[in-house]
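Each chain, letter by letter, is given below.
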Amino acid sequence: MSDPLIRDSDHYVVLEPGQAERLLSAADTLVWLQTWLQSLDVLPEDLQSQNSLASAAQRLLDTACELEVGQGLCLQWFAVRLEPPGSVQS
């Protein structure tokens, strides 16, 4: 089971084949995942029951950290915390 603190993360490091790593907000990470899901001919089996690409992207964000988008090509995303838990932000 995943750490519930991860769900509070507002940022993700995203990795794409052949690209430099990027730091995205949670909202931008969802858009990034949706864009990749749109490019697939067939959604992964565990996402086919989702009502929309937005809900499929949210399920991925909540339950996974990798998506195969081609033969041997995977996307990865990892939640990161920019501020330690309990810190005060200005």
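Everything discussed here concerns the structure shown above.
Residues numbered from 1 in each chain as written. Predicted model: local features only at pLDDT ≥ 70, side-chain atom pairs only at ≥ 80, totals over all residues. Heavy atoms only, no water.

S.K.: Describe the overall build of the chain, listing the residues and the values that go with them.
M.R.: Each helix and strand in the chain was counted, giving two helices and four strands. The secondary structure elements of the chain, listed N-terminal to C-terminal, are β-β-α-α-β-β. In the chain, which comprises 90 residues, the proportion classed as buried is 22%. A fraction of 43% describes how many contacts in the chain between residues 6 or more apart in sequence connect residues 24 or more apart. By element, 50% of the accessible surface of the chain is carried by carbon and sulfur atoms, the whole surface being about 6,200 Å². (Helix = DSSP H or I, 4+ residues; strand = E, 2+ residues; numbered from the N terminus. Buried < 20%, exposed > 50% of the residue type's maximum accessible area, 1.4 Å probe, protein only. Contact = heavy atoms within 4.5 Å. Areas by Shrake-Rupley, 256 points an atom, 1.4 Å probe, with all protein chains shown as cover.)

S.K.: Can you explain the environment of Gln58? Please cite residues and give values.
M.R.: Summarising the element assignment, Gln58 is placed in helix 2 (residues 53-63). Residue classification places Gln58 among the partly exposed positions, given a relative accessible area of 31%. In this structure the C-alpha to C-alpha distance between Gln58 and Ala26, which are 32 residues apart in sequence, comes to 9.9 Å.

S.K.: Describe the sheet that holds strand 3 (residues 66-70), listing the residues and the values that go with them.
M.R.: The strands that make up a sheet are held in pairs by hydrogen bonds between backbone atoms, and each pair lies either parallel or antiparallel. Pairing is antiparallel in the open sheet, where four strands are placed in the order 2-1-4-3. Where the open sheet ends on each side, the last strands, each with one partner, are strand 2 (22-25) and strand 3. Going across the sheet, the axis of each strand differs from the next one's by a mean of 30°, ignoring polarity. Of the strand pairs in this sheet, strand 1 (residues 11-15) and strand 4 (residues 73-80) are connected by five bridges, and their pairing is antiparallel. Opposite Tyr12, over in strand 4, you have Ala79 as the bridge partner. The strands that helix 1 (residues 26-39) touches are strand 1, strand 2, strand 3 and strand 4; relative to strand 2, the one it contacts most, it runs at about 105°. (Pairing = 2+ DSSP bridges. Axes fitted to C-alpha atoms, helices over the stretch in contact; angles between N-to-C directions.)

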